[in-house]
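Structural features, examined
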Amino acid sequence: MSTILLKRLPHGDGLPPPAYATDGAAGMDVVAAEAVTLAAGARHAVATGFAMAIPVGYEVQVRPRSGLAAKHGVTVLNTPGTIDSDYRGEVKVILVNLGDAPFAVARGDRIAQLVPAPVQRATLREIESLDETARGGGGFGSTGI
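Residues numbered from 1 in each chain as written. Predicted model: local features only at pLDDT ≥ 70, side-chain atom pairs only at ≥ 80, totals over all residues. Heavy atoms only, no water.

A short note on the nonpolar core
- Membership of the largest hydrophobic core comes to 23 residues, with the highest contact counts inside it found for Val-93, Leu-95 and Ile-111.
- Elements with a contribution of two residues or more to this core: β3 (28–31), β4 (36–38), β5 (43–53), β6 (58–63), β7 (74–76), β9 (90–97), β10 (103–105) and β11 (110–118).
- Beyond its immediate stretch of four places on either side in the chain, Ile-111 contacts Val-30, Val-31, Ala-32, Val-46, Arg-65, Leu-68, Val-76, Val-93, Leu-95 and Val-105. (Core = buried A, V, L, I, M, F, W, Y, C linked by side-chain atoms within 4.5 Å. Buried < 20%, exposed > 50% of the residue type's maximum accessible area, 1.4 Å probe, protein only. Helix = DSSP H or I, 4+ residues; strand = E, 2+ residues; numbered from the N terminus. Contact = heavy atoms within 4.5 Å.)

Side note on the sheet that holds strand β8 (residues 81–83)
- If you trace the 5 strands from one edge of the open sheet to the other, you get β2-β3-β11-β6-β8, paired in antiparallel fashion. At either end of the open sheet lies a strand with only one pairing partner, and these are β2 (19–20) and β8. (Pairing = 2+ DSSP bridges.)

Examining the pairing of β11
- With 4 bridges joining them, β3 and β11 adopt antiparallel strand pairing. What sits directly across from Asp-29, in β11, is Gln-113.
- Looking at chain direction, β6 and β11 are connected through 6 bridges and run antiparallel. Directly across from Val-62, in β11, lies its bridge partner Leu-114.

Examining the environment of Ala-70
- Among the structural elements, Ala-70 can be located in helix α1 (residues 66–72).
- Through-space distance from the C-alpha of Ala-70 to that of Gly-99 is 9.8 Å; in sequence the pair is 29 residues apart.

Things to note about the sheet that holds β9
- Taken in spatial order, the 4 strands of this open sheet run β1-β5-β9-β7, and their pairing is antiparallel. One side of each edge strand has no neighbouring strand; the edge strands of this open sheet are β1 (5–8) and β7. Here the strands of the sheet are splayed against their neighbours by 40° on average, with no regard to which way each runs.
- By the bridge criterion, 4 bridges tie β1 to β5 in an arrangement that is antiparallel. Among the inter-strand pairings, Leu-5 is bridged to a residue of β5, identified as Ala-53. (Axes fitted to C-alpha atoms, helices over the stretch in contact; angles between N-to-C directions.)

Describing the side chain of Asn-97
- Looking at the element boundaries, Asn-97 is found in strand β9.
- Contact partners of Asn-97, with chain neighbours within four places excluded, come to Leu-38, Ala-39, Ala-40, Gly-41, Ala-42, His-72, Gly-73, Val-74, Pro-102 and Phe-103.

Brief notes about the pairing of β9
- Among the 8 residues in β9, 6 count as buried, and that is most of the element.
- Pairing of β5 with β9 involves 6 bridges; the strand directions are antiparallel. Bridge assignment links His-44 to a residue of β9, and that residue is Leu-95.

A look at the layout of surface pockets
- Within this model, the largest pocket holds a volume of roughly 290 Å³.
- Along the wall of the largest pocket there are 16 residues; nearest its centre are Ser-2, Ile-4, Tyr-20, Met-28 and Pro-116.
- For the lining of the largest pocket, the element with the most residues is β11, which contributes 4 residues.
- Along the lines of polarity and charge, the residues of the lining of the largest pocket split into 14 nonpolar, 2 polar and no charged. (1 Å grid on protein atoms, 1.4 Å probe; cavity = no way out; pocket = protein on both sides within 12 Å on 5 of 7 lines; lining within 4 Å. Points joined across faces, edges and corners; volume = space filled by probe spheres on them. Nonpolar A, V, L, I, M, F, W, Y, C, P; charged D, E, K, R; others polar.)

Take it as geometry only, folks, not as evidence of what the structure does.
This is the structure in C-alpha cells:
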C-alpha cells in the first residue's frame, strides 16, 4: 500500500477527507466542496476542496457511486477518470445528470469514489500485420447477444 499525500484547499475546510466506508470497500468516498444544481442533461466539474500528490507508478481512478446512478441517473463522465501522478491541481469530479429532473448536490454530499491503482507503462512497436485470433476484427457485439 502506498501513501497518497492530500492537501486541503481553503474552500474544503471542514470537509472529511476521502475515506473507505467499510473494510471491504475498494473506493474511497469523496464529497463535494460546493453546492450545485444539475439540470436534467447538465454536467459540471464539482470541486472537492483538495489536491493530491500520487506516487509515481500509480493513478487514482474517479468512479461513480452506484446509488446516485440507480436512484437519480447521476453519474461521472469520463469514467473511470484518471488522476495522473504528476497532477497537483484540485481534484474535480465531472458529474452529469442523465435523469429527467434537476438534481441538487449539497456541500458535503458524497459524489464519487476514488480508487488508487498501479499503472503499467508500455512501449508500442509498429508492425506490418497482427497474429490471427478467433475473434479477429469483430467489434461491438461481435461475441454474442
